[in-house]
Amino acid sequence: MDGECARLLPPVCAVLANARQLVSDDTCLEKLLDWFKVLTEAESSLLLLQENPCLTELITCVLKLEDPSPSIVSFILRLTGIFAASESCFQHLQQGEFLSSLFGEGGPINSSLWEDASVRSGWVEGVRSMVQHQSAIQFLCSSGAIDVIFTLQGDPSLFVASAVNRLLVHILTFSLQSETTSPLSTKDCSWPMCARMIIAHIEESLKSSSVSRIKQDLKLLTSVFGCCHDRWTEVLWSWIAEPIKSLLKEEPGQTGHSLVDLFLSMARSPVFGCPECSLWTSVIHALKYLNPAQAGPLALGVLKRQECPQAVRIQALNVLLQPMDCVLRSASQPLECPGLLGESVKDSAVVENLLSSKPSCAGLLCQTLAHVEELLCMTSLPVDVPHIPLLQSVMITLQFCNGLATPVSCLGSRMSRILIGCFRVQRSALDLLGALSQCASDAAFKESVFDILLKYLEGPGSSPTVLKKSFQATFKWILCLCDPPSFSNHWQQTEQVLQRLFLALQKRMCSPCWEVRDSALEFLTLLVKHLREWDRFRQVLFSSEVPGLTEDLLQDPESYVRASAVAATGQLSFITHLVPKIPAPDDGNNKEEDIVTELHKILSTDSEGFPRRAVIRVFTDWLREGHAEVLKDTEQFVSRAIQAVNGDLDWEVKVSGLELAQVFSAQTLSQLGLAGCPYSAVLSSATRSTCLNESLQIFQRVKLFEFLFGALCDCDRPVAQKACEILLALKAQLCDDSLTDRLGPGGLPAEAHSLAQLETTVRRWMSQAQTNPSGDGNGVRSHEPHSVLLVLGTVDLEGLRAALDKSSDHIEKSPQSLLQDILATVGTLEENEADCY
């Protein structure tokens, strides 16, 4: 602890000990505790207490208060725990009877303060900090604190109950790791006393009739197996396996989710990775006895484990697919489709009952659809999924939701009434349908899929969110349909789908709902981006009204739609230049020039930030991909864009503009051979000097450095950080010591470290460039492109980057500032009750 903090600490302790003086901000106490944690980790805790007796005096004074503040008592409990983490300091505090007065029966446990959750939380956190040595473990067992911890497991405050769970895990693992030197056995006597007490409590809870107690200790076991991967966890499992099996056989409904969490936690532990482990037997029982809603997450979880035995995987897959199998059979003739499952694990009547009930049907289907989608998205499938029957089942689900399915059973009739217009199930089914696009290759099924998707896109009853999901699924299936083999072999089918799709898209682009217009434009942008090189796709697109409607939507009253229209326009503009044979709209190139002018107008005048951000992103894409409009005059294009961005007040527009500048500078240097590629030929001094002159002249004409230095002084930190990053890259590629020495100081500051010096340097350079283009008395001709190298060499960009990387409050985070704040804000709560935070 430094001298100034040591001087401030006694008055701060006096303030905290005085019940009449209130600390207006509890976050100060939290920061104070964080500081003490850092101090005790760096220095001797006992020495800190001895050199700062005000700390023990603070504890004593608070213990003597008749009606102390709960927040101060909680602070003292946690502070004492931090110091008691050191065994020598623990002994010192125990001799002064501080520990028994705070954590024993004589402390807050038996006072009215215990009713306050913050005091209970402080007690738990204090004990958690303290348990770092055997003396603390012995204290918990002898003082009865361990029983208090067991009681707090069921605390009404979730924060306290969660902290108790973490505390018990810590006590159990610490006692076993610190007290045992040889492998533990199933004999009770070989385990440390504290660990035996915790395990006995767990066993008693699992055998009790209290559901809440069972859930508490199942959660505790889940945490234990999740964070502890020592061999003793295998012994622990052997003790609790039978009670767990009994829970599964009795009534697992209320504890089912907790049991699933436990099994998945164990399955992730390497201790239970052996396929012959008894855990998998319990998993099989769980898959059998848990209801489908509970068994689904377990089935998905074990399918993700590589260690899972094949027999368990097959059973888990059957459990996962059984609801979809019931759906398939409810609307298909047996001869048409054999079903998803070869054999059922569960009695299908249970699943059918859930699907026949309105409260459970949608929930079970949404969960199943989401789980199967997650399974299909895995890098490598652990089991063979029957994709075609699954695809049929998903299509039937979507048909049930829009009233197009033909039920062939009582279950189908009930589901058709329950699911009609159910947006939740539609969204989940469309997500899974999109995932299945990578698996199904049969052309006949593709036709059926598009028929359903297009009916959703065309239907009047689809909600905006369902339409968005429909567009996303359609996009994935369109990409599948337009694969090179499919595209050429089934062009007639593809053309019919695209024509029908663009008609639906035209309708949605004219929707009165802005979310629908926005989704339609987003879909169009993706479609054009991925398929614009296909000549036949472009022909179908330009034979529709979609391009014209996209241009109209640039004037949409909703800013989100305008932004999406800008993005779509940016992609559409590539097409007329890729293949000249595509018939362009009337006015030809003039129309294209009008689009560029329109985008510049949006960038300069639109009142909302979203469209302006979209325009600058489109311009960056155009520059990066070599758009024809950019290639006409790249310098003018970039100059015009960054000048518009320079006056924008939206920091995201400025950052996007800086990305444009970054792409332009990188392209320019690369074209001139100055990019520093390790595989490029080394330029001679004369050639490098010529290329350097040319690059600097280009940057001067575009006014690149004026834009970058202005952004470097911007009040928005992300803008300044991006500008600094670009300037550092340019400095590395353009500057060398000899050139800077040759230019001389020119009256500029020797080095600009601070922001004020930076602004002075940059403003002086820019003003010289404007007012003295031919030179000044000091010999620096600011009009010359090389003058910018002097500024690059003068400004301390590395130091500025380090300063920008710091948070804005780094100066106020010091311990000295914290102690001063506590003293300065004492007693202000009554005068100023509004919390400034």
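All figures in this text were calculated on a predicted structure; none of them were measured in a lab. (Residues numbered from 1 in each chain as written. Predicted model: local features only at pLDDT ≥ 70, side-chain atom pairs only at ≥ 80, totals over all residues. Heavy atoms only, no water.)

Undergrad: Which residues make up the pattern of salt bridges, and what values do they have?
TA: Tallying each qualifying case throughout the model produces 27 salt bridges. When the shortest N-O distance is used, the salt bridge between Arg624 and Asp621 registers 3.4 Å. Of this pair, Arg624 and Asp621 both sit in helix α33 (residues 609-625), separated by 3 residues, roughly a single helical turn. One salt bridge in this structure joins Lys722 and Glu725, with 3.8 Å as the shortest N-O distance. Here Glu725 and Lys722 lie together in helix α39 (residues 717-734), a separation of 3 residues that amounts to about one turn. According to the relative accessible area criterion, Lys722 is buried, its value standing at 14%. Given the relative accessible area of 40%, Glu725 is considered partly exposed. (Salt bridge = Lys/Arg side-chain N within 4 Å of Asp/Glu carboxyl O. Helix = DSSP H or I, 4+ residues; strand = E, 2+ residues; numbered from the N terminus. Buried < 20%, exposed > 50% of the residue type's maximum accessible area, 1.4 Å probe, protein only.)

Undergrad: Summarise the environment of Asn52; cite the residues concerned and give the values.
TA: Mapped onto the fold, Asn52 is located in the loop between α3 (45-51) and α4 (54-64). Looking at Asn52, the relative accessible area reads 8%, which means it is buried. Each C-alpha atom of the pair Asn52 and Met1 lies 9.9 Å from the other, and the pair is 51 residues apart in sequence. In this structure Asn52 touches Met1, Ala6 and Leu9, once residues within four positions along its chain are discounted. (Contact = heavy atoms within 4.5 Å.)

Undergrad: Any chance you could break down the packing of aromatic side chains for me, citing the residues and the numbers?
TA: Under the counting rule described, the total for this entry stands at 16 aromatic pairs. Summarising the aromatic geometry, the rings of Phe225 and Phe272 are spaced 5.7 Å apart at their centres and angled 75° between planes, so their arrangement reads as edge-to-face. With a gap of 47 residues between them, Phe225 in helix α13 (residues 211-227) and Phe272 in the loop between α15 (256-267) and α16 (278-289) connect regions that are remote in the sequence. Taking the relative accessible area as the measure of exposure, Phe225 reaches 0% and is therefore buried. Each residue in the set Phe664, Phe699, Phe705 and Phe709 is aromatic and connected to the rest through ring pairs, giving one cluster. The cationic tip of Arg532 hangs over the ring face of Phe574; the distance from NZ or CZ to the ring centre is 4.2 Å. One residue, Arg613, lies across the ring of Phe610, its end atom 5.0 Å from the ring centre. (Phe/Tyr/Trp six-rings, centres within 6.5 Å; stacked < 30°, edge-to-face > 60°. Lys NZ or Arg CZ within 6 Å of the ring centre and 35° of its normal.)

Undergrad: With reference to specific residues and values, describe the confidence of the model for the protein chain.
TA: On average, residues of the protein chain score 84 in pLDDT, and 84% of them reach the 70 mark or higher. Taken as a whole, residues 742-750 scores under 50 in pLDDT and shows 16 contacts with residues more than four places along the chain or in a different chain. Below a pLDDT of 50 lies the segment residues 774-782, which in the model reaches 13 contacts outside its immediate sequence neighbourhood of four places, other chains included. (pLDDT = per-residue confidence, 0-100.)

Undergrad: Outline unusual backbone geometry, supporting the account with residue identities and numerical values.
TA: Phi angles above zero are rare outside glycine, and Glu97 is one such case at about 60°. Within the secondary structure, Glu97 sits in the loop between α6 (87-95) and α7 (98-103). One non-glycine residue with positive phi stands out, namely Lys703, at about 65°. Its place among the elements puts Lys703 in the loop between α37 (685-702) and α38 (704-712). Exposure remark for Lys703: the relative accessible area of 43% places this residue in the partly exposed category.

Undergrad: Could you give an account of the state of the cysteines, with specific residues and numbers?
TA: Counting across every chain of the model gives 0 disulfides. Cys13 forms no disulfide, and the closest cysteine sulfur to it belongs to Cys54, at a distance of 3.8 Å. This cysteine, Cys61, is not joined by any disulfide, and Cys13 carries the nearest cysteine sulfur, 9.5 Å off. When its relative accessible area of 37% is taken as the criterion, Cys61 is described as partly exposed. (Disulfide = S-S within 2.5 Å.)

Undergrad: Explain empty space enclosed by the protein residue by residue, including any values.
TA: According to the stated counting rule, one finds 1 cavity of 30 Å³ or more in the structure shown. Here the largest cavity is characterised by a volume of approximately 50 Å³. Forming the walls of the largest cavity are Pro292, Gly296, Val319, Leu320, Pro323, Leu364, Gln367, Thr368 and His371. Elements that contribute at least two residues to the lining of the largest cavity include exactly α17 (292-303), α18 (310-330) and α20 (358-376). A total of 4 residues in the lining of the largest cavity trace back to one element, the largest contributor, which is α20. Per-class residue counts for the lining of the largest cavity are 5 nonpolar, 4 polar and no charged. (1 Å grid on protein atoms, 1.4 Å probe; cavity = no way out; pocket = protein on both sides within 12 Å on 5 of 7 lines; lining within 4 Å. Points joined across faces, edges and corners; volume = space filled by probe spheres on them. Nonpolar A, V, L, I, M, F, W, Y, C, P; charged D, E, K, R; others polar.)

Undergrad: For the environment of Leu704, give the residues involved together with the corresponding values.
TA: Relative to the assigned elements, Leu704 resides in helix α38. Since its relative accessible area comes to 0%, Leu704 is described here as buried. With 65 residues separating them in the primary sequence, Leu704 and Ser639 have C-alpha atoms 7.6 Å apart. Residue contacts for Leu704: discarding those within four places in its chain leaves Ile642, Ala661, Ser665, Phe699 and Leu730.

Undergrad: Residues and numbers for helix α35 (residues 634-646), please.
TA: Here α35 spans 18 Å end to end across 13 residues, near enough to the 18 Å set by a 1.5 Å rise per residue. Taken together, the buried positions of α35 are occupied by Phe637, Val638, Ser639, Ala641, Ile642 and Val645. (Expected span 1.5 Å × (residues − 1).)

Undergrad: Account for the side chain of His133, naming residues and giving values.
TA: Note that His133 resides in the loop between α8 (117-130) and α9 (134-143). His133 sits in the buried class, given a relative accessible area of 5%. Polar side-chain contacts of His133 include one of 2.8 Å to the backbone oxygen of Ala84. A distance of 3.2 Å separates a polar atom in the side chain of His133 from the backbone nitrogen of Ala136. Beyond its immediate stretch of four places on either side in the chain, His133 contacts Ala84, Ala85, Ser86, Glu87, Phe90 and Phe174. (Polar contact = N/O pair within 3.5 Å; in protein donor to acceptor, adjacent residues only side chain to side chain.)

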